[in-house]
Amino acid sequence: MRSAGALAERAPRPPRLLLPDAPALVAEQGRAALLTPDGEFLWLSGAELLGRDETPPMLVHAPATARRLGLSSIPGAHDLLELFAFCRPAQPCAPTPRGLAMALGIEPPKDIEALAALLPELATAMLRELARRRAEPINRDAASLAARMAEAADWPWAASVLAALGQDDVSPATHGLKPWRRLVDWEDTAPPPPAASFGVEPREARQRLAEMLGEGAEQRPQQADYASAAAAAFAPREAPGAPRMVLAEAGTGTGKTLGYIAPASLWAERNGAPVWISTFTRNLQRQIDQELVRLYPDPDERRRKVAIRKGRENYLCLLNLEEAVGSAGLGGQTVPLALVARWVLATRDGDLMGGDFPGWLGELFGQQAVSSLADRRGECIHSACPHYKTCFVEHSIRRARGATIVIANHALVMVQAAFGGGENGRPLRLVFDEGHHLFDAADSAFSAALTGGETAELRRWLLGAEGGRSRARGLRRRLEDIMGGKPDIMTPLEAALQAARALPPGGWYARLGEAEGDNPAEGFLRTVRLQVLARTADADAGYASECDLHPVQPELPPAAELFERALARLEAPLKTLRDRLTAMLEDEGEELDAGARIRMEAACRSLERRALAPLAAWGAMLRRVQESTPEPGRRPDFVDWLTLERRDGRDIDAGMHRHYLDPTIPFATTVAAAAHGLLVTSATLRDEGGDSEDAEAAWRGAEARTGASHLPLPALRAAMASPFDYAASTRAFVVSDIRQGDVGQLAGAMRALFLASGGGALGLFTAIRRLRETHARIAPALEAAGIPLYAQHVDAMDNASLVDVFRAEEDACLLGTDAMRDGVDVPGRSLRLLVFDRVPWPRPTILHRERRTHLSEGRAKDYDDAIARHRLRQAFGRLIRRADDKGVFVILDPRTPTRLLAGLPAGVEVRRLPLVEVVRSVGEFLQRPAG
C-alpha cells in the first residue's frame, strides 16, 4: 500500500478543495482522541465531547463511535462513511478508520492519535478522486443531488462535494434521486433448447482445472483428484429419479471451489444448460463469484456467464425506492435515499443483502431506512410495475437462464424445487457447497409455522394495508387489471377476502393475554399460550418457552376446530380463483398481451406459494391437534410443538410448529430426485472421531445427513485430506481451572488470552448474555493495550460488517455466537486465536429431543456428541486458511470430553493445562516467526 503522504503528492489537485473546519475523532472504549483544527490533541470522555461548543467532529461510523463513548448519538457528525458511499458507490469498505484507509489504498497507522490525524487526508483523497471522475456518466447528477442533500437535510459534506465537482452554484434538484430513469432494460430471449446429456471425463476436469490455474501455479494433487471425483456428478443420468450423486469431503486448503468449477463449467458449455452452485452463507457466494475470475477474467464475459440468484427479499425494489423518494417531506431520509440512489447506478445486481451494497448504511441511518426498500414478500406486482423492465430481480432471473454458472443458496434452491422449479425451472446439475448444512437448510425450507406473525402476514397479503404506512395493495389491487370485472373471478375473490378477516387483525399480539374474543385465529393463539404457560417450568421467566403438543389441554381442540373451519372457508375460494385464472390462461392465452399473461402467471404462482401451500399445511396441523395422543414409541413423520415468544417480558407471538423428523426425506424427493446429478461437498461431511473408528459408519452418517440414503443409487464417496501441516501450524488447549458459571473467571481468561495473542482473536459463545457480560468486562483492558474489541449483539454493525472489520484490522478481536462460527473466512494473522467459552452442545429443544430419540439408532449420546464434535471441527477449520497461517484453539471448559476432540485434524494434540500455562503457550507460539 502507498503511504498517505505519497497518495496526496501523486494525486492531481482539483480546481478547489474545501474541507470542513471540523476536529477529527477516533474512539476507543470509553474515551476518544480528538485532533482540533488547530492541531491540538485531546483525550475526551463522551460527556466531555458533547460539552464542547464547536463544529461536530469528523469521524468514521457515528453510531459505533457513539456506543464506544457511552453516548446515544453524536449530532451533526461529519461521517466519512457517508462521503465514501457518495464518492465510491458499490465499492467495499470495512466501516472503521483503518478499514476506510485500506479501502483507499493507504497504510493505516496503529497509533490512535496518528489515526485521528489521518482522517482529513482520507477525506481529501476521496474528494480528489471525485474531482478526477467528475465527467464520468455516474456523476452526471452528482452535484444537483449533493445540493438537494444540503437543502433538505443540511448534509455536512455537501459543500466539499460541490467544490470537488466544480459546481458550487448548482441548483438543488430531485432527478438525482430517481436513478431508475438511467437503468438499462432487460430483454427477453427465446426459450432455451433442451439440454444435452454429455458427461465430463475425469481427465477433462483435470485439464480444465490446469487451464484455470495457469502456468506456474502451485501443484496441489488433492485438488486435481477432487476435480476428477467431482466429474462423476456430471455423468448422464440413466433412470428417472436416480441422479448421479457424489459426496466429496475436501479438507481446508484443497481448493475445492475451483475443483468443482472445472467439471461444472465444462458440462454447462457442452450441454447448453447452467450448473447451479448452492451455498449456505452469503459470504461463500461472494467467494465463489470472486474465484470465477479465474475462468472468466473479462468482466463483461463474467457478467454474461455468471449469475447470482437469491430470494426476492434480498433485492432493492425500485417501486419502493420511488415511493420513498416521493413521500412528503423526506427530511432525514434524504441522505440515505441519495446514497442508495448513487449505489443503484453502480451496483452489479441490486443485491441489498450480501452483494455490493454497503451494509453499514443501515447502521448509520437505521435498518428501516434500508429494509423498507427491499422487495417485501407478497407485494410485488410484476409486470404491472412501472419499473418491471429494469427490475433487478427480473434481470437476475433472465441472466440465470442464459448463464453457464448460477450461484444460489440452499434456501432458494429448495423452495423453488418445492414449487416446481420457480422462474428458472429445475436445475439439472447441482453443486451443494457447505453440504454439512443441508440438513439444517432442508429443516427450515420444509417446515411450517402456524403463528400469529405468519397468519397476520397472510391477512396483510390478502387484504392489503389496513392502516399504517405499508404500501401493501392486497389481492384485489394486484388482480384488478386482470379481472376486468369478470364475475367468475370477482366472486371467489370477494369470498376469499371476506374469509380472510378470520386471520389476526392489527394489534393481535397485545390481545394474547385477554380472556375472550370472537376472532378464531386469536382464540387458537390464546389457548396455545395457556398450554405453554401451564406446561413449562420457566413460564414466568420472561423468555421464549415451548411445550409438547400432546397431551392437549381440553380447551385447545375446540379452538383448533373453529380455526380449521375458518381456514377452510378461506382456502376453498382461493383454490377456485387459482383454477379460474389458470383456465383463463389456457383459453385466452393467445388473445392476451405479454404483460397480462405474465401478470396472470405470477398471480397463480403467488396464490399457490403465499396462500394455498401454507393453508394446506396449517389445516393438517390443526387436524393433528384434534387427534388423540400418539402411541408411545411410534416413530412420527413430523414433530409438532407449541411456543410462546417473549421479548423484554412481553408476549409477542404464539403458535404451533411442525418440522419433519427427517428433513432429508423431502429434500431427496423434491430436490435431489428431480436432478440428473448432484455434488455435495464440504470440509466436514463426515463425523470422524466418534466411539467407532469405522470409516463405513462415518460415511453412512454423511449419507443420512445429506439425503443420499433416500435415493435409489448409492452415492459415490470421495475424501481428500487437507494439505496443511496442522501439527506444526496449530496448538490446541482445554483450560483446566476455570469454574463453570463464573462469568468473572471466563472474562478474565479471555482477556488474558487475547492480550497474549496480541489480538487477532475470535471468542465464540453459546449464550448471548455471557457474550455481553464478557465484552463489558474485557473491553477497557484490551483497548488500553491498543487492541480493538468488537462484538455481535453489542456493536451497531451487522454480522457481515463485523467480519469485514475483523478481517481488515489485523489486531482486532471479535466476540460472536453460532453465526460467526460458520460465517468467518479470515486468512492470515487477523484470525490467529479461537476461543470457545464452553462445549457447543445442541440446544435441548423438543425438536432435538425427538430427533435424538428416533434418528440416533438407540445411541442418543452419540447423536449429541456428533453435533458438538462437528461444531468444534468446523470452528477449528476457521483458523488455518493458508499454508503460512498459524493458529491456537482453546476451550474454556474443563468438562470437555476427550471424545469430542478426536474429530480435530490428524496431528493436532489437545493439551489440558491451567490458564496461566495456556496463556504463556499462546504468547510463545503466536509471537514466534513462522518456520
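Residues numbered from 1 in each chain as written. Predicted model: local features only at pLDDT ≥ 70, side-chain atom pairs only at ≥ 80, totals over all residues. Heavy atoms only, no water.

## Here's the deal with the environment of Gln290
Right, so step 1: Along the chain, Gln290 falls in helix α12 (residues 282-291).
Right, so step 2: By relative accessible area, which is 54% here, Gln290 ends up exposed. (Helix = DSSP H or I, 4+ residues; strand = E, 2+ residues; numbered from the N terminus. Buried < 20%, exposed > 50% of the residue type's maximum accessible area, 1.4 Å probe, protein only.)

## Some details on the side chain of Arg832
Right, so step 1: Tracing the sequence through the fold places Arg832 in the loop between α33 (818-823) and β21 (833-836).
Right, so step 2: For Arg832, the side chain forms a polar contact with the main-chain oxygen of Arg829, separated by 2.5 Å.
Right, so step 3: When near neighbours in sequence (up to four residues on either side) are disregarded, Arg832 contacts Ser757, Gly758, Gly759, Gly760, Glu810, Asp811, Leu879, Lys886, Gly887, Val888 and Leu926. (Polar contact = N/O pair within 3.5 Å; in protein donor to acceptor, adjacent residues only side chain to side chain. Contact = heavy atoms within 4.5 Å.)

## Concerning empty space enclosed by the protein
Right, so step 1: Going through the model one piece at a time under the given rule, you end up with 8 cavities of 30 Å³ or more.
Right, so step 2: Taken as a whole, the largest cavity encloses approximately 150 Å³ of empty space.
Right, so step 3: In this structure, the largest cavity is lined by 18 residues; those nearest its centre are Cys317, Leu318, Cys380, Cys385 and Cys391.
Right, so step 4: When the residues that make up the lining of the largest cavity are grouped by side-chain class, the tally is 11 nonpolar, 2 polar and 5 charged.
Right, so step 5: In this structure, the second largest cavity spans a volume of roughly 90 Å³.
Right, so step 6: When contributions to the lining of the second largest cavity are tallied by element, the ones reaching two or more residues are α19 (410-418) and α27 (664-672).
Right, so step 7: Top element by residues in the lining of the second largest cavity is α19. It accounts for 3 residues.
Right, so step 8: Taken together, the residues of the lining of the second largest cavity break down into 8 nonpolar, 3 polar and 1 charged. (1 Å grid on protein atoms, 1.4 Å probe; cavity = no way out; pocket = protein on both sides within 12 Å on 5 of 7 lines; lining within 4 Å. Points joined across faces, edges and corners; volume = space filled by probe spheres on them. Nonpolar A, V, L, I, M, F, W, Y, C, P; charged D, E, K, R; others polar.)

## Here's the deal with the pairing of strand β6 (residues 244-250)
Right, so step 1: Extensive coverage of β6 is indicated by the burial of 6 of its 7 residues.
Right, so step 2: As paired strands, β6 and strand β15 (residues 677-682) are joined by 6 bridges and run parallel to one another. Bridging from a neighbouring strand, Arg244 pairs with Gly677 of β15. (Pairing = 2+ DSSP bridges.)

## Focus: the nonpolar core
Right, so step 1: Counting residues in each nonpolar core, the largest one holds 70 residues, and the members touching the most others are Leu80, Phe86 and Leu316.
Right, so step 2: If one sorts the elements of this core by residue count, helix α6 (residues 112-132) sits on top with 11 residues.
Right, so step 3: Contacts of Leu80, omitting those with residues within four sequence positions, involve Met58, Leu59, Val60, Leu100, Leu119, Ala123, Met126 and Trp157.
Right, so step 4: With 54 residues, the next largest nonpolar core counts Leu463, Leu503, Trp508 and Leu607 among its residues. (Core = buried A, V, L, I, M, F, W, Y, C linked by side-chain atoms within 4.5 Å.)

## A look at the sheet that holds strand β18 (residues 761-764)
Right, so step 1: Strand order in the open sheet formed by 7 strands is β19-β20-β18-β21-β22-β17-β23, and the pairing between neighbours is parallel. Two strands close off the open sheet at either side, each with one partner strand: β19 (789-791) and β23 (910-913). Strand after strand, the sheet turns through a mean of 20 degrees between neighbouring axes, direction not considered.
Right, so step 2: As defined by bridge partners, β21 adjoins strand β22 (residues 887-891) across 4 bridges and the pair is classed as parallel. (Axes fitted to C-alpha atoms, helices over the stretch in contact; angles between N-to-C directions.)

## Thoughts on the sheet that holds strand β12 (residues 545-548)
Right, so step 1: As summarised here, the arrangement of the 4 strands in space is β11-β14-β13-β12, forming an open sheet in which the pairing is antiparallel. The sheet is open, and its two borders are formed by β11 (448-451) and β12, each paired with just one other strand. Taken over all neighbouring pairs, the strand axes of this sheet differ in orientation by 25 degrees on average, direction set aside.
Right, so step 2: The pairing of strand β13 (residues 638-647) with strand β14 (residues 650-660) spans 10 bridges and is antiparallel. Bridge pairing links Thr643 to Gly655 in β14.
Right, so step 3: Docked against the sheet, helix α34 (residues 846-854) engages β12, β13 and β14, running at close to 155 degrees with respect to β13.

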